[in-house]
Amino acid sequence: MFGFQRVYSKCRVSSLFNIECNCESSSETSGKVKEQSGGESVAESAQNLSANSAYFTTSECKARLLALCNNQPHSTIGPNDNLYQKKEELMCRLSRKLAVLREEAVAVVEETALNETLGDAVAARTAAAGARPHELAKLRLHIREVGHITQLLLGLSGRLARAENALLGMEDNHCERKILEEKRDKLRAQLEEAKQLKVSIDRRSGSVSTMLYKYLSADEYADYDHFIGMKAKLLIDSREIDDKIKLGEEQLAALKEMLNETTTAR
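Here the residue numbers are simple positions, counted from 1 along each chain's written sequence. Predicted model: local features are reported for residues with pLDDT of at least 70 only, side-chain atom pairs are reported and counted for 80 or more only, and whole-chain, interface and lining totals are derived from all residues. Excluding hydrogens and water, the side-chain figures rest on all heavy atoms present in the structure.

A. Highlighting the overall build of the protein chain. What counts as a helix is a DSSP run of H or I of at least four residues, what counts as a strand is a run of E of at least two, and both are numbered from the N terminus. Within the protein chain, the regular secondary structure consists of eight helices and zero strands. Traced from its N-terminal end to its C-terminal end, the protein chain shows the element sequence α-α-α-α-α-α-α-α. Exposed residues in this analysis have more than 50% of their type's maximum accessible area, buried residues have under 20%, and partly exposed residues fall in between, with area computed by a 1.4 Å probe over protein chains only. In the protein chain, which comprises 266 residues, the share counted as buried stands at 38%. Within the protein chain, residue pairs in contact and separated by at least 24 positions form 86% of the contacts whose partners lie at least 6 positions apart. Residue contacts are defined here by distance: any two heavy atoms, one from each residue, within 4.5 Å place the two residues in contact.

B. Looking closely at helix α5 (residues 82–128). Helix span is expected to be 1.5 Å times the residue number reduced by one. Relative to the 69 Å expected for 47 residues at 1.5 Å per residue, α5 spans 69 Å between its end C-alpha atoms, a close match to the ideal helical length. Two residues or fewer past α5, Gly 130 is found with a positive phi of approximately 105 degrees.

C. Layout of the pattern of salt bridges. The salt bridge definition used is simple: a Lys or Arg side-chain nitrogen within 4 Å of an Asp or Glu carboxyl oxygen. Inspection of every chain in the model, using the stated rule, returns twelve salt bridges. For Glu 181, the salt bridge identified is with Arg 177, shortest N-O distance 3.1 Å. Here Arg 177 and Glu 181 lie together in helix α7 (residues 177–213), a separation of four residues that amounts to about one turn. Judged by relative accessible area, Glu 181 falls into the partly exposed class, the value being 26%. In this structure, the salt-bridge partner of Lys 195 is Glu 192, at a minimum N-O distance of 3.4 Å.

D. Highlighting the packing of aromatic side chains. For Phe, Tyr and Trp, where Trp contributes only its six-membered ring, two rings pair if their centres lie within 6.5 Å, and the inter-plane angle classes them as stacked under 30 degrees, edge-to-face over 60, or tilted in between. A complete count under the given rule lists two aromatic pairs for this structure. Their ring planes at 45 degrees and their centres at 5.6 Å tell us that Tyr 221 and Tyr 224 sit as a pair that is tilted. Of this pair, Tyr 221 and Tyr 224 both sit in helix α8 (residues 218–265), three residues apart, roughly one helical turn. By the ring-pair criterion, three or more aromatic residues cluster together here, those being Tyr 213, Tyr 221 and Tyr 224.

E. A look at helix α6 (residues 133–167). The terminal C-alpha atoms of α6 lie 51 Å apart, and with 35 residues this matches the ideal 51 Å at 1.5 Å per residue to within 8%. Backbone geometry just after α6 places Gly 169 at a positive phi near 75 degrees.

F. Local environment of the packing of α6 against α7. Think of each axis as a best-fit line through the C-alpha atoms, taken over the contacting stretch in the case of a helix, with angles from 0 to 180 degrees between the N-to-C directions. Between α6 and α7, the least distance of the axes is 8 Å, while the angle of their chain directions is 160 degrees. Taken as axis vectors, α6 and α7 run roughly antiparallel relative to one another. When you trace α6 past α7, the crossing you get is left-handed. Three classes are used: nonpolar for Ala, Val, Leu, Ile, Met, Phe, Trp, Tyr, Cys and Pro, charged for Asp, Glu, Lys and Arg, and polar for all others, with Gly counted as polar. Partitioned by chemical class, the residues of the contact of α6 with α7 number 19 nonpolar, five polar and twelve charged. Orientation is classified from the angle alone, with under 35 degrees giving roughly parallel, over 145 giving roughly antiparallel, 65 to 115 giving roughly perpendicular, and any other angle giving oblique. By definition, turning the near helix anticlockwise from the far helix through less than a right angle yields a left-handed crossing, and turning it clockwise yields a right-handed one.

G. Layout of the nonpolar core. Within this scheme, the nonpolar core is defined by two criteria: the residues are buried Ala, Val, Leu, Ile, Met, Phe, Trp, Tyr or Cys, and they are joined through side-chain atoms within 4.5 Å. Core analysis: the largest hydrophobic core is formed by 28 residues, its most contacted members being Leu 139, Ile 149, Leu 156, Leu 212, Tyr 224, Phe 227 and Ile 228. Looking at this core, the elements with two or more residues in it are α5, α6, α7 and α8. The element that contributes the greatest number of residues to this core is α6, accounting for ten residues. Setting aside anything within four residues of it in sequence, one finds Leu 139 in contact with Ala 123, Thr 126, Val 208, Met 211, Leu 212 and Tyr 224. Within the second largest apolar cluster, 14 residues are counted, among which are Met 91, Met 230, Ile 245 and Leu 259.

H. Spotlight on the confidence of the model for the protein chain. The predictor rates its confidence in each residue with pLDDT, a number between 0 and 100. The predicted model of the protein chain has a mean per-residue pLDDT of 78, with 68% of residues at 70 or higher. Here helix α2 (residues 42–46) stands out as the least confident element of the protein chain, with mean pLDDT 46; α7 is the most confident, with 93. Contacts for the low-pLDDT stretch residues 37–43, under 50 throughout, to residues beyond four places or in other chains number seven contacts.

I. Fine view of the environment of Leu 152. Following the sequence through the fold, Leu 152 ends up in helix α6. Placed 38 residues apart in sequence, Leu 152 and Gln 190 show a C-alpha to C-alpha distance of 9.8 Å.

And the structure:
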């Protein structure tokens, strides 16, 4: 053990990562991770889509919230009416939830820093125990790939969800439907390829573990195992919390706008 307290995040690895497929070579996988990790270019995202397309402007949750509230007759709602009070109560709950989420975001940043320190200590101990330069390079590459592939999967799944949400409720003859369907299909294919790269990286981790067994004690190897698992989990946790904060802020702003409109209409 290296004297560092292991961090235990409340997050759980998504089922996105529980898959099986054929293994690829390290060089092939590394190259594909670098090629795809750059993400979707702005030009590709905007190709043939108007700037005010639902793909860019409105999330599913905000659209549903606005649709629900806009069905109510604003002119008949006063500060003493039940619906008005419910909106105010919802704003209070959202504000409290956002405060909790922001605290969780800070905690994840701190956990990530501790986990990276633990990873640095593992690498230093491996080097001090006599690991060869190519073995240390292999370890560093594996650590980088775990981070890169996790971020790639999160990015692709997020863009896919955005495309699918934009298609919800869109008429079959809408001018942008075909473009969005092509984008959705392309993102699905990219996500499947990224999943295959993830499995290749996971399978190759066995050779990294075999190498580390030569230089680390059982407790030291347990620290490495904890570090590499938490690296992916903390990235996922951070993205999920950030998404929830953005959505909560969006919903809160929409509610405030509707309450202001209601007050003005009175």
